[in-house]
Amino acid sequence: MVDRLFRMKTKSIFVRLPLLFIFFDAVRCDYFPTLYPRESETREIKELNGLWNFRADMSVNRSQGFEEKWFMSRLEKTGPVIPMPVPSSYNDVTQDKSLRDFTGWVWYDKEFFCHYHGKDRGSYTGTVYWMITTNSEEAKVQVEVVDADSNTVVMGEGIKGQASVSNVKLWWPYSMVKTGAAYMYVLKVTVKDSTSASTDIYRQPFGFRTVNKTNTQLLINNKPFYCHGVAKHEDYDVKLIPKDLKAKDDLFGNNRTSLLITTEELRGKGLDMVSVAKDFNILKWLGVNCFRTSHYPYAEEIMDQADQQGIVVIDESPAIGLLQQVYNLTKALDPTRLVTFASSNSNPLSDHVMNIVDVVMVNIYFGWYQDTGYLQTIPYQVPPTLEGLYKHYNKPVMVSEYGAETLTGLHTSPSFTFSEEYQKDLLIQYHQEYDKLRHEYLAGEMIWNFADFLIDQKTNWAYGCNKGLFTRHRQPKMAAFTVRERYQKMINETQKYQN
């Protein structure tokens with residue numbers, strides 16, 4: 001009887017769904033039923049979990065969204081939005097105190113595609129290149145480049161080709177421009193059979209940008225880019241807290257028995273979008289504009305978030321004994337892609353790989369593994385080490401690791417190894433030396449590490465690696481505020497210079 005409401009041939013419809021509140025994790029895409037949503041041969045359930053655009057109505061009377069009709073357009077057109085994982089508690093995800101304590105109307109927005117089943121079944125020019133493999137020689141391929149407003153800006157055909165986009169909007173790191181960062185296009189590929197019926201459609205987000213280098217700098221869109229970042233790990237604290245089975249009513253009044261769990265139980269080294277969203281909020285709070293995926297490629301969902309939020313990624317892949325092969329493969333796939341290597345050897349006379357790479361990247365631990373406790377030696381070690389590498393290779397130099405173990409809550413005066421004060425003092429000493437070099441040949445600095453992470457049991461590490469600016473629970477240590485002050489100041493200086 002319900003099916004009589006829909007009498008149309010199967011087709012895909014583009015839907016924008018604004019929500020005031022999120023009540024459930026899955027909804028019927030083709031219509032809001034009075035029946036409980038169940039999958040069948042004719043009914044599709046579409047999961048909407050993931051990252052949504054989010055905005056809280058911070059107006060005094062909490063009614064600005066209704067008065068300005070935010071629901072009539074993309075939420076991002078109404079003002080600033082942030083990505084928010086669904087399901088989650090928005091109060092606990094960001095670094096914004098006002099949002100943590102917020103009570104009032106909040107708005108979510110997500111765009112998706114669904115199938116309706118009826119009874120019958122600027123000034124810049126960018127170039128996009130594609131090469132597509134199909135399973136049929138008779139297949140026809142159509143390519144479209146779609147902008148952020150869902151407008152098709154150029155079309156092409158064939159399994160291999162290129163197309164130019166005039167007045168293109170460039171992808172910029174958020175730290176380099178005040179507005180217009182991380183602009184993304186979509187490459188829509190449609191494969192058709194001999195009857196011109198669509199057999200497959202795939203959408204790949206991408207941005208137009210150039211990445212290059214001189215012998216002293218990294219360049220993005222031909223502008224100097226200085227990496228002020230962190231190394232990370234896909235690691236989160238996990239707590240297994242058994243709960244009793246409890247009965248509860250679902251949205252439609254059905255009594256169901258389920259095991260109640262917390263989001264913490266879903267974390268660890270696996271992918272959890274609530275944790276991913278929290279980390280990106282922290283990265284922006286710190287002022288991080290790049291991070292290194294130590295020591296392995298990260299989940300595509302994390303890479304997508306970096307693209308969408310304007311954060312540069314140094315994507316790491318294990319290459320022990322295979323660096324030349326990895327370098328050659330990377331250049332074959334993309335000749336413009338810069339390749340580097342995180343080396344723990346700062347002696348160019350005994351290093352055998354830095355000649356290969358485009359950028360010199362080195363780990364240094366003066367004041368920790370070398371001359372532990374003697375921070376006064378850092379000014380006499382950092383500049384000669386980095387300058388020696390630059391003069392030998394004549395390439396930009398980046399510091400891929402530096403830092404100190406820090407036990408959360410351990411405070412000493414004067415500072416002592418493993419205390420929060422010592423980590424802070426060590427970083428300040430390094431920063432003073434970096435500031436002398438970053439307008440010469442130093443192209444970036446990445447702290448080891450973004451957050452504490454668990455490793456195997458060792459006598460010289462107390463319950464994992466504790467060099468993080470944040471704990472595994474993502475709470476800041478003293479040094480996090482020092483780094484935030486430095487990185488945010490660098491963003492302000494860069495945006496003033498670039499704009």
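Refer to the structure above for everything that follows.
What comes next concerns the included structure. What you see is a predicted model; the values in this text were computed from it and never measured. (Residues numbered from 1 in each chain as written. Predicted model: local features only at pLDDT ≥ 70, side-chain atom pairs only at ≥ 80, totals over all residues. Heavy atoms only, no water.)

### Some words on the overall build of the protein chain
Thinking step 1. Each helix and strand in the protein chain was counted, giving 8 helices and 24 strands.
Thinking step 2. In the protein chain, buried positions account for 45% of the 499 residues.
Thinking step 3. In the form shown here, the protein chain has an accessible surface area of approximately 26,700 Å², with 53% of it arising from carbon and sulfur atoms. (Helix = DSSP H or I, 4+ residues; strand = E, 2+ residues; numbered from the N terminus. Buried < 20%, exposed > 50% of the residue type's maximum accessible area, 1.4 Å probe, protein only. Areas by Shrake-Rupley, 256 points an atom, 1.4 Å probe, with all protein chains shown as cover.)

### A short note on a negative patch on the surface
Thinking step 1. Residues Glu300, Glu301, Asp304, Asp307 and Asp315 make up a contiguous surface patch of negative charge.
Thinking step 2. Along the chain, aspartate 315 falls in the loop between strand S20 (312-314) and helix H5 (323-333).
Thinking step 3. Residue classification places aspartate 315 among the partly exposed positions, given a relative accessible area of 46%. (Patch = residues over 30% accessible without salt bridge, like charges linked within 9 Å, V, L, I, M, F, W, Y side chains within 5 Å. Salt bridge = Lys/Arg side-chain N within 4 Å of Asp/Glu carboxyl O. Lys, Arg positive; Asp, Glu negative; His and termini not counted. Charge placed at Lys NZ, Arg CZ, Asp CG, Glu CD.)

### Some points on unusual backbone geometry
Thinking step 1. For the bond running from serine 294 to histidine 295, omega is -10°, close enough to zero to count as cis.
Thinking step 2. Residue placement: histidine 295 occurs in the loop between strand S19 (290-292) and helix H4 (300-309).
Thinking step 3. Between tryptophan 448 and asparagine 449 the backbone carries a cis peptide bond, its omega angle lying at 15°.
Thinking step 4. When you line up the elements, asparagine 449 lands in the loop between strand S24 (442-447) and helix H8 (478-498).
Thinking step 5. Phi is positive for lysine 69, close to 55°, though the residue is something other than glycine.
Thinking step 6. By secondary structure assignment, the location of lysine 69 is in the loop between helix H1 (64-67) and strand S5 (82-86).
Thinking step 7. Even without a glycine there, the phi angle at asparagine 221 is positive, about 55°.
Thinking step 8. Inspection of the secondary structure assignment puts asparagine 221 in the loop between strand S14 (218-220) and strand S15 (223-225).

### Points about the state of the cysteines
Linking two cysteines covalently through their sulfur atoms gives a disulfide.
Thinking step 1. Taken as a whole and assessed by the stated rule, the structure comprises 1 disulfide.
Thinking step 2. Each disulfide pairs two cysteine sulfurs, and for cysteine 227 the partner residue is cysteine 290, the sulfurs being separated by 1.7 Å. Classification of the bridge connecting cysteine 227 and cysteine 290 rests on its S-S torsion, roughly 45°, and on that basis the disulfide is right-handed. Highlighted residues: cysteine 227 in strand S16 (residues 227-231) and cysteine 290 in strand S19, separated in sequence by 63 residues.
Thinking step 3. When its relative accessible area of 1% is taken as the criterion, cysteine 227 is described as buried.
Thinking step 4. Given a relative accessible area of 1%, cysteine 290 falls into the buried group. (Disulfide = S-S within 2.5 Å.)

### Re the side chain of serine 59
Thinking step 1. Within the secondary structure, serine 59 is located in the loop between strand S4 (50-56) and H1.
Thinking step 2. In terms of polar contacts, serine 59 uses its side chain to reach the side chain of aspartate 57, at 2.6 Å. (Polar contact = N/O pair within 3.5 Å; in protein donor to acceptor, adjacent residues only side chain to side chain.)

### Describing helix H6 (residues 382-393)
Thinking step 1. Between its first and last C-alpha atoms H6 spans 17 Å; for 12 residues at 1.5 Å apiece the expected length is 16 Å, and the two agree.
Thinking step 2. Of the residues making up H6, those classed as buried are Val382, Pro383, Thr385, Leu386, Leu389, Tyr390 and Tyr393.
Thinking step 3. Those residues of H6 that are buried are in contact with strand S22 (359-363), strand S23 (397-401), helix H7 (420-437) and S24. (Expected span 1.5 Å × (residues − 1). Contact = heavy atoms within 4.5 Å.)

### Observations regarding the pattern of salt bridges
Thinking step 1. Using the criterion set out here, one finds 20 salt bridges in the structure.
Thinking step 2. Its salt-bridge partner being aspartate 101, residue lysine 97 comes within 3.4 Å of it at the nearest N-O pair.
Thinking step 3. You can call lysine 97 exposed: its relative accessible area is 55%.
Thinking step 4. The class of aspartate 101 is partly exposed, set by a relative accessible area of 43%.
Thinking step 5. A salt bridge links aspartate 279 to arginine 474, with the nearest nitrogen and oxygen atoms 2.8 Å apart.

### Observations regarding the nonpolar core
Thinking step 1. Formed by 59 residues in total, the largest nonpolar core has its most connected members in Leu286, Ile364, Leu386, Tyr434 and Leu469.
Thinking step 2. When near neighbours in sequence (up to four residues on either side) are disregarded, leucine 386 contacts Val362, Ile364, Val397, Val399, Tyr434, Leu437, Tyr441 and Leu442.
Thinking step 3. Counting residues in each nonpolar core, the second largest holds 37 residues, with Ala139, Val165, Met176 and Tyr183 among its members. (Core = buried A, V, L, I, M, F, W, Y, C linked by side-chain atoms within 4.5 Å.)

### Here's the deal with the sheet that holds strand S8 (residues 140-146)
Within a beta sheet, neighbouring strands are joined by backbone hydrogen bonds and run either parallel or antiparallel to one another.
Thinking step 1. Taken in spatial order, the 4 strands line up as S9-S8-S11-S12 in an open sheet, and their pairing is antiparallel. Among the strands making up the open sheet, the edge pair consists of strand S9 (152-157) and strand S12 (198-206). Neighbour to neighbour, the strand axes of the sheet diverge by 15° on average, direction disregarded.
Thinking step 2. Judged from the 7 bridges that link them, S8 and strand S11 (residues 185-192) form a sheet pairing that is antiparallel. By the bridge assignment, glutamine 142 is partnered in S11 with threonine 190. (Pairing = 2+ DSSP bridges. Axes fitted to C-alpha atoms, helices over the stretch in contact; angles between N-to-C directions.)

Functional significance is not addressed by these values, which are geometric in nature.
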